[in-house]
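# Architecture at a glance
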Amino acid sequence: MSLEPVSSVLSHGGVQSVFKHASTVTGTDMTFSVFVPERRSGTHMPVVWYLSGLTCTHANVTEKGEFRKACAELGLIFVAPDTSPRGEGVADDADGAYDFGLGAGFYVDATAAPYAAHYRMWTYITEELPGLIAREFPADMDRQAIMGHSMGGHGALTMALRHPDRFRSVSAFAPIVAPSRVPWGEKALRGYLGEDRSAWRAHDTVALIQDGARVSEILVDQGEADGFLVEQLRPSLLSKACNDAGIDLTLRLQPGYDHSYFFISSFMADHLAWHAARL
């Protein structure tokens, strides 16, 4: 698997790059961004994975996330994958809706046709891309953290819960915490995994916790002016699940903030410092 450079620029003393590669998992070309801080020769740095939300690519957080200054100061490699496979022959939502198909892979391995052919974002993020990062970059893979926004917050939380020995910390901005119980998630999980709701539980944070999955602590920021708060996000469900399971959840409701990158960038440095302290 070879990397094709797309762009590379200097920022805060480090290098912000975008690469493309042929994925054997998705059967498509995949694009991701990676920021590598300035470092002494021969040293390796911990990795923070950032999973983006609906309609996003790697570019949204790369251009708007304001993470580089904090990563440079803290010595963190920051990796931002795409949110779905793309390209000729990749199935999309039949009606072209934003919340399913291209840009909305929901970080699952699809089992339902026609999506099973390419939509294997779970394996791509947890297996293929980490192998590439370990081989090509000065990454200390024994020190990994994961975070995400909205659909990506869902992905980050479920991956941390199912891989507690891999990720030392997990945080999220406005995550979809119970996709089995909200319209975005029900549409996606039904479309990718079929009608058997028991199969959905492996990709539902609240259900995973109810079924015994554990991490020691979680940090979540949620804007109180988020238009998706009541119908799609429902952080109170995560709060109850964590309380019942004895998981230390820090849920910060931020007055006046919405669902956008203005919100995310306002608290990005806080999250990165929180991860760095655990890495």
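Look up: the structure comes first, before these words.
Thresholds applied
Residues numbered from 1 in each chain as written. Predicted model: local features only at pLDDT ≥ 70, side-chain atom pairs only at ≥ 80, totals over all residues. Heavy atoms only, no water. Phe/Tyr/Trp six-rings, centres within 6.5 Å; stacked < 30°, edge-to-face > 60°. Helix = DSSP H or I, 4+ residues; strand = E, 2+ residues; numbered from the N terminus. Buried < 20%, exposed > 50% of the residue type's maximum accessible area, 1.4 Å probe, protein only. Lys NZ or Arg CZ within 6 Å of the ring centre and 35° of its normal. Pairing = 2+ DSSP bridges. Axes fitted to C-alpha atoms, helices over the stretch in contact; angles between N-to-C directions. Contact = heavy atoms within 4.5 Å. Expected span 1.5 Å × (residues − 1). Bend = angle between axes of the 7 residues up to and from the residue. Polar contact = N/O pair within 3.5 Å; in protein donor to acceptor, adjacent residues only side chain to side chain. Salt bridge = Lys/Arg side-chain N within 4 Å of Asp/Glu carboxyl O.

Attention now moves to the packing of aromatic side chains. One pass over the structure, following the stated rule, counts 16 aromatic pairs. Aromatic side chains Y115 and Y192 sit 5.6 Å apart centroid to centroid with 90° between the ring planes, which places their arrangement in the edge-to-face category. Of this pair, Y115 sits in the loop between β5 (77-81) and α3 (121-136) while Y192 sits in helix α5 (residues 183-193), and the two are 77 residues apart along the sequence. Both residues of the pair, Y115 and Y192, belong to the buried class. The interplanar angle of 45° and the centroid separation of 4.7 Å between the aromatic rings of W184 and F228 together place this pair among those described as tilted. In this pair, W184 is assigned in helix α5 and F228 in the loop between β8 (217-223) and α7 (229-233), connecting sequence segments 44 residues apart. These aromatic residues form a ring-pair network of at least three members: F35, Y50, F67 and F78. Residue placement shows R68 over the ring face of F67; its charged tip is 4.7 Å from the ring centre. Over the ring of W122 we find R162, and its NZ or CZ is 4.0 Å from the ring centre.

Now for the sheet that holds strand β9 (residues 248-254). With mixed pairing, nine strands are arranged side by side in an open sheet as β1-β2-β3-β5-β4-β6-β7-β8-β9. Strands at the two margins of the open sheet, each flanked by one partner only, are β1 (4-11) and β9. When strand polarity is set aside, the average angle formed by the axes of neighbouring strands in this sheet is 20°. One ladder, built from six bridges, connects strand β6 (residues 139-149) with strand β7 (residues 167-173); its direction is parallel. Note on β7: the bridge partner recorded for A145 is S169. Strands β2 (14-22), β3 (29-36), β4 (45-51), β5 and β6 of the sheet are contacted by α3, whose axis makes an angle of about 50° with β3.

Below, the discussion takes up the environment of L3. Residue position: L3 is located in the segment before β1. Placed 193 residues apart in sequence, L3 and D196 show a C-alpha to C-alpha distance of 38 Å. Ignoring anything within four residues of it in the chain, the contact list for L3 reads F19, K20, H21, F32, L132, E136 and F137.

So, about helix α9 (residues 261-278). Between the first and last C-alpha of α9 there are 25 Å, a value that for 18 residues agrees with the 26 Å anticipated at 1.5 Å per step. At F267, α9 shows its largest bend, some 45°. Considered for burial, the residues of α9 that qualify are Y261, F263, I264, S265, F267, M268, H271, L272, W274 and H275. With a side-chain oxygen positioned 3.2 Å from the backbone nitrogen of F262, the residue opening α9 is S260.

Once that is clear, we can look at the pattern of salt bridges. Counted under the stated rule, the structure contains 13 salt bridges. Between E73 and K69 there is a salt bridge, with its nearest N and O atoms 2.7 Å apart. Of this pair, E73 and K69 are both found in helix α2 (residues 68-74), four residues apart, which corresponds to roughly one turn of the helix. On the basis of relative accessibility, which here comes to 58%, the residue E73 falls in the exposed class. Connected via shared salt-bridge partners are D93, D99 and K187.

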